[in-house]
Amino acid sequence: MNLKDLYIDFFVKNGHKQIPSAPVVPENDPSVLFNTAGMQPLIPYLMGQPHPYGTRLCDYQKCIRTNDLDNIGDTYHHTFFEMLGNWSLGDYFKKEAITWSFEFLTKVLKMPVEKLAVTVFAGNDIIPFDEESHDLWLSLGIKEERIARTTEDNFWIAGETGPCGPDTEMFYFRSDDPVPEKFDPEDNRWVEIWNDVFMQYYKDENGNISELPKKNVDTGMGLERVVAVLEGVKDNYASSVWKDVISEIEDISHLKYEGNEPSMRIIADHIRTSVFISADNSGIKPSNVGQGYILRRLIRRAIRHAKKLGIDVNSDWESRIALKIMSKYENYYSEIKENKDVVLEVLKNEKIKFNRTLEKGLREFEKVSSKDIDGTTAFHLFDTYGFPIELTEELAKERGINVDIEGFKEKFKAHQELSRTASQGQFKGGLGGHSEKETRYHTATHLLNAALKQVVNKDVHQKGSNITEERMRFDFSCDHKLSDEEKQKTEDLVNKWISEGHEVTVEEMKKEDAVKSGAECMFIEKYPDIVTVYSISDFSKELCGGPHVKNTNELGHFKIVKEEASSAGVRRIKAILE
Ligand code: SER
């Protein structure tokens, strides 16, 4: 059995329900571009909402972190990775969590206790020393010298605000050296393998800490790292997670991994992440904004490194690597199996696009790189030759010249309204936060759903929705392209409701009562037993987690900007509030 199966098996045996991995592109959470941790899709439940699968959950979650793209190429950074996790939603707490962690590591994975060490929360002005965790580890057989107490590193929060709490981290001694008696978390021969967070607080925008309604456990284990540890390799890319992908790259380039590690790792990592972004059902394509921009950067950087290795970049090299990667994941993630062709096409199209301009761009770069590159030139390379700024930076570094990044950013911002990519979108505004604008779009989505039922057909149902600061996207079941008249009538009806100023009301009820009362909902099985139902006058009633405005008169003017096919029998409307 492999690590994912062992993990799920262990926690299921201990009363947990396995939940499916959420998509890499979060639905309706504009505060992050990608899911960055196993807990992220669970935030509403960690905050107190009942989860339909109960109070003990486990999963393997696809995660993407793009904040240290520049570190890719070393032995242990990855942009995409899988996180194994188990959760208690107000169920068990420290004792069970720590005991199971210890049991899984030492009994199931058979890691020798002598090679393990842990950190626990040392305490600060607000929250005391985590004596309970300390004593639990001790009672399980971890020696006092192997329990380090730290403050900064033992308080976990994803970003600035959200559910949080003290944590205890587990480390493994990954070295042939004798294991030192005393554990020093700064000594990088000790690698962190698992993190148990005791999530009992909530931190708000003002930095105030309050107790959550329930005490939760959130754990996260980095799969790539643990596999490497178990297989006794010091380079993650030498483990079974990557080995055959790296051999495929060796095959394609007719080069050995030894001596070409950074480029081969970058290619393997970036293609894998691109596979997962483009296979995601959100339908992200390479572009100059948001997730699309990350995807573009990853593919283009992989192409650059393929060129460095002397690979013929016009060949089908990227398909071969992507297929190898997909064969490893298709049994775990259905979207990989289903969207193989989409993935191959995205990669191929972007490759063709980039190859077309790359030569010209490189010539242009040669011309301008006799001295430092100013913002305008960097933007010109981006805008005309499709050079992501990171590529210009990378090339400049090789030449020993500087790039005016700030100057580039100004140009970039002036060129487009890029609220979401300004800082690559990492954790801006905290997790789970919805801006006023998005809240308005949320309510507008309900109005549109209701209006379509009246104008087009009462059997129109929501099939998907996505909201950003700039627009809303709404997918619905419908067998025909909307006529201009239908579009106009829908738009008019929504605007009528907005101007009439209807109150938006919310109530909690049993799921079955909600369904009986005719409330609209997309996936009934995904909802907990007690649900929140939002109603607007007598024309809209939906199961929904919110948030919503109080009155429809807060929305402004509603306008449909596009109506198109989404998939068979599903149409897509893009609309804005002006
Ligand atoms: N949220 C914690 C982490 O990402 C544990 O899952 O490490």
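Everything that follows concerns the structure shown earlier in this document.
Below is a short write-up of the structure. (Residues numbered from 1 in each chain as written. Predicted model: local features only at pLDDT ≥ 70, side-chain atom pairs only at ≥ 80, totals over all residues. Heavy atoms only, no water.)

### Comments concerning unusual backbone geometry
Step number 1: Even without glycine at this site, His 254 takes up a positive phi of about 55 degrees.
Step number 2: Here His 254 is to be found in the loop between helix 6 (243-253) and helix 7 (261-279).
Step number 3: For His 254, a relative accessible area of 71% corresponds to the exposed category.
Step number 4: A positive phi angle is found at Ser 537, which is not glycine, with a value near 45 degrees.
Step number 5: Tracing the sequence through the fold places Ser 537 in the loop between strand 13 (530-536) and strand 14 (540-543).
Step number 6: We classify Ser 537 as partly exposed; its relative accessible area is 44%. (Helix = DSSP H or I, 4+ residues; strand = E, 2+ residues; numbered from the N terminus. Buried < 20%, exposed > 50% of the residue type's maximum accessible area, 1.4 Å probe, protein only.)

### Observations regarding the packing of aromatic side chains
The relative placement of two aromatic rings is captured by the distance of their centres and the angle of their planes.
Step number 1: Overall, the coordinates contain 33 aromatic pairs when judged by the stated rule.
Step number 2: Seen in terms of ring centroids, Phe 382 and Phe 408 are 5.7 Å apart; in terms of plane orientation they differ by 85 degrees. Their pairing is edge-to-face. A residue pair is termed long-range when its members are at least 10 positions apart, and Phe 382 in helix 12 (residues 375-385) and Phe 408 in helix 14 (residues 405-415) qualify at 26 residues.
Step number 3: Here Phe 382 falls in the buried class, since its relative accessible area comes to 3%.
Step number 4: With relative accessibility at 3%, the residue Phe 408 sits in the buried group.
Step number 5: Over the face of the ring belonging to Tyr 60 we find Lys 4, whose NZ or CZ atom lies 5.5 Å from the ring centre.
Step number 6: Sitting above the plane of the Tyr 332 ring, Lys 4 keeps its charged end 4.2 Å from the centroid. (Phe/Tyr/Trp six-rings, centres within 6.5 Å; stacked < 30°, edge-to-face > 60°. Lys NZ or Arg CZ within 6 Å of the ring centre and 35° of its normal.)

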